[in-house]
Amino acid sequence: MTSPKNDKNTRTTGRPTLNEVARLAGVSPITASRALRGVSTVATELVEKVQKAALELNYVVNPAARALASAQSHSVVVLVPSLSNLLFIDTLEAIHRVLTPKGFEVLIGNFHYSRDEEENLLRNYMAYQPRGFLLTGFDRTESSRRMIEASNIPCVYMMELDSAAGVNCVGFSQLSAGETAAEHLLSRGRKRLAYIGAQLDQRTLLRGEGFRKALQKAGRYDPDLEVLTPRSSSVGLGGELFMQLLAGHPDVDAIFFGNDDLAQGALLEALRHGIRIPEQVAILGFNDLPMSEHMVPRLSSINTPREAIGRRAAEQMLTLMAGNSVARPVEDMGFELKIREST
């Protein structure tokens with residue numbers, strides 16, 4: 001009995017292969033691969049032929065197989081703590097705009113502010129042999145740190161800064177942002193200042209620390225006016241905590257919220273209960289989300305350069321993946337105080 005000839009271009013699963021797509025499109029396999037990855041150097045007419053062939057054959061790219069065949073994938077993993085927070089959406093969009101035209105796939109993981117979830121995502125994504133990691137902040141498990149170090153995969157950290165040797169990061173000083181918030185409210189003549197923070201990730205805590213230090217320096221710090229909760233940040237929670245704080249401390253005349261959605265909720269509750277903003281209480285938010293400048297009154301906030309952070313982090317990653325060192329491994333993108341009607 002004669003066994004069928006082994007065709008290296010045909011999978012035993014019966015699924016279509018890249019070679020079959022290339023043959024149907026009349027191009028080489030490498031051109032087909034580049035076209036499907038969105039590499040900008042491939043002519044538009046060839047991309048259209050390859051995409052049409054892939055659609056006709058129901059071809060689906062297998063990133064794990066690609067990584068195994070080449071010992072190197074074209075994937076960059078981005079891990080963020082939330083996909084419901086607009087600030088991370090802006091960052092992800094910027095990353096896509098930089099990496100996709102260069103032929104890289106962006107794999108997104110959401111770890112829901114859980115260090116254990118992030119560790120699991122890191123471990124799972126390692127199987128794809130990614131070319132790089134774009135990670136949020138520096139607060140993670142020791143196992144995650146060891147995993148990243150042992151992998152020798154280029155890594156860029158976003159949203160925070162660290163001047164340690166060998167660390168590439170793009171962000172701004174969360175501590176300084178908190179200090180700026182306190183200084184602004186103090187400059188308005190406020191004497192009873194509170195901080196309300198939720199989620200309690202490292203960045204929220206650092207903002208609170210900066211706020212606290214500035215108040216201590218001015219002799220205005222009262223620990224009873226620091227409200228921290230691990231609950232998820234939301235408009236509803238902001239309104240709830242705002243009313244609870246005023247019920248217990250009616251003399252509070254300024255509040256810095258760790259995120260704009262909390263501050264927006266406070267403004268809505270103030271409107272509902274006839275609390276005059278900023279005459280009775282000045283309200284300052286953080287991140288300057290799109291709705292903030294349309295609130296009643298318009299919300300003062302600290303604008304964070306989330307789009308610029310994503311773009312520059314991705315550009316750093318391209319440099320590292322090319323085998324080069326980054327000229328400025330620590331890039332402080334700064335922040336901007338947006339003064340509006342609420343303060």
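Residues numbered from 1 in each chain as written. Predicted model: local features only at pLDDT ≥ 70, side-chain atom pairs only at ≥ 80, totals over all residues. Heavy atoms only, no water.

Per an unreviewed UniProt entry, the protein carries the name LacI family DNA-binding transcriptional regulator and comes from Pseudomonas tensinigenes.

Topic: the overall build of the protein
Heads up, the condition is: Here a helix means four or more residues in a row that DSSP labels H or I, a strand means two or more in a row labelled E, and each is numbered from the N terminus. Only protein chains enter the accessibility calculation, which uses a 1.4 Å probe; a residue whose area is less than 20% of its type maximum is buried, one above 50% is exposed, and one in between is partly exposed. Under the convention used here, a 1.4 Å probe and the Shrake-Rupley method define accessible areas, while residue burial counts only the protein chains that appear. Positive residues here are Lys and Arg, negative ones are Asp and Glu, while His and the chain termini are left out of the count. In plain terms, the charge of a residue is placed at NZ if it is Lys, CZ if Arg, CG if Asp and CD if Glu.
When helices and strands are counted, the protein shows 12 helices and 12 strands. With the C-alpha coordinates aligned to their principal axes, the bounding extent of the protein is approximately 90 × 40 × 35 Å. In the protein, which comprises 343 residues, the proportion classed as buried is 50%. Carbon and sulfur atoms make up 50% of the accessible area of the protein, which totals about 16500 Å². Of the side-chain charges in the protein, 38 are positive and 39 negative, and the distance between the mean point of each set is 6 Å.

Regarding the sheet that holds strand β8 (residues 254-257)
This is how it is decided: DSSP calls a pair of strands paired once it identifies at least 2 bridges connecting them. Inter-axis angles, ranging from 0 to 180 degrees, are taken between N-to-C directions of lines fitted to C-alpha atoms, where helices are fitted over the stretch in contact. Contacts are assigned to residue pairs that have any heavy atoms within 4.5 Å of one another.
Spatially, 6 strands are ordered β7-β6-β8-β9-β10-β12 in an open sheet, and the strand pairing comes out mixed. For this open sheet the edge positions go to β7 (226-229) and β12 (336-338), each flanked by a neighbour on one side alone. Between one strand axis and the next, the sheet turns by 15 degrees as a mean value, whatever way the strands run. Bridging between strand β6 (residues 193-198) and β8 involves 4 bridges; their strand directions are parallel. What sits directly across from Leu193, in β8, is Ala254. In the packing of helix α9 (residues 202-218) onto the sheet, contacts are made with β6, β7, β8 and β9 (282-287), and the angle to β6 comes to roughly 170 degrees.

With respect to the pattern of salt bridges
Note the cut-off: Salt bridges are identified by distance alone: a Lys or Arg side-chain nitrogen within 4 Å of an Asp or Glu carboxyl oxygen.
Taken as a whole and assessed by the stated rule, the structure comprises 21 salt bridges. The salt bridge involving Glu226 is made with Arg212; its shortest N-O contact spans 3.1 Å. Of the two residues, Glu226 is situated in strand β7 and Arg212 in helix α9; the sequence distance between them amounts to 14 residues. A relative accessible area of 22% means that Glu226 is categorised as partly exposed. For Arg212, a relative accessible area of 24% corresponds to the partly exposed category. Where salt bridges share partners, they join Arg312, Glu315, Arg328 and Glu331 into one cluster.

Comments concerning the packing of helix α10 (residues 235-248) against helix α11 (residues 260-273)
Between two packed helices, what matters for the description is the angle formed by their axes and the separation of those axes. Note the threshold: Put simply, angles under 35 degrees are roughly parallel, angles over 145 are roughly antiparallel, angles from 65 to 115 are roughly perpendicular, and the rest are oblique. Should the near helix be turned anticlockwise from the far one by less than a right angle, the crossing is termed left-handed; should it be turned clockwise, right-handed.
Running from N to C, α10 and α11 cross one another at 60 degrees; their axes reach a closest spacing of 6 Å. When the axis of α10 is compared with that of α11, the two are oblique. Considering how the two elements wind past one another, α10 and α11 form a crossing that is right-handed. Here Val235, Leu237, Gly238, Gly239, Phe242 and Met243 of α10 come into contact with α11, specifically with Asp261, Leu262, Gln264, Gly265, Ala266, Leu268, Glu269, Ala270 and His273.

Structural notes on the sheet that holds strand β2 (residues 105-110)
One open sheet holds the 6 strands; their spatial order is β2-β1-β3-β4-β5-β11, and the pairing between them is parallel. Looking at which strands have only one partner, the edges of the open sheet turn out to be β2 and β11 (330-332). Adjacent strand axes in the sheet meet at a mean angle of 15 degrees when their direction is disregarded. As paired strands, strand β5 (residues 169-171) and β11 are joined by 3 bridges and run parallel to one another. Within the sheet, the bridge partner assigned to Gly171 lies in β11 and is Asp332. Contacts from helix α6 (residues 115-126) reach β1 (75-80), β2 and β3 (132-136) within the one sheet, and its direction differs from that of β2 by about 150 degrees.

Thoughts on the nonpolar core
This is how the line gets drawn: To define a nonpolar core, start from buried Ala, Val, Leu, Ile, Met, Phe, Trp, Tyr and Cys residues and group those joined through side-chain atoms within 4.5 Å.
With 39 residues, the main nonpolar core has Leu99, Leu134 and Phe211 as its most contacted residues. If we ignore the near neighbours within four places in the chain, the residues touching Leu99 are Val76, Phe104, Val106, Leu134, Ala314, Leu318 and Met321.

Looking at the packing of aromatic side chains
Rules: Each aromatic pair joins two rings of Phe, Tyr and Trp (for Trp, the six-membered one) with centres within 6.5 Å, and gets the label stacked for planes under 30 degrees apart, edge-to-face for over 60, and tilted for any other angle.
Under the criterion given, the structure shown has 8 aromatic pairs. On the numbers, 5.9 Å between centres and 35 degrees between planes, the contact of Tyr195 with Phe211 is tilted. With Tyr195 in strand β6 and Phe211 in helix α9, the pair connects residues that are 16 residues apart, well separated along the chain. Comparing Tyr195 with Phe211, the two get one shared label, buried.

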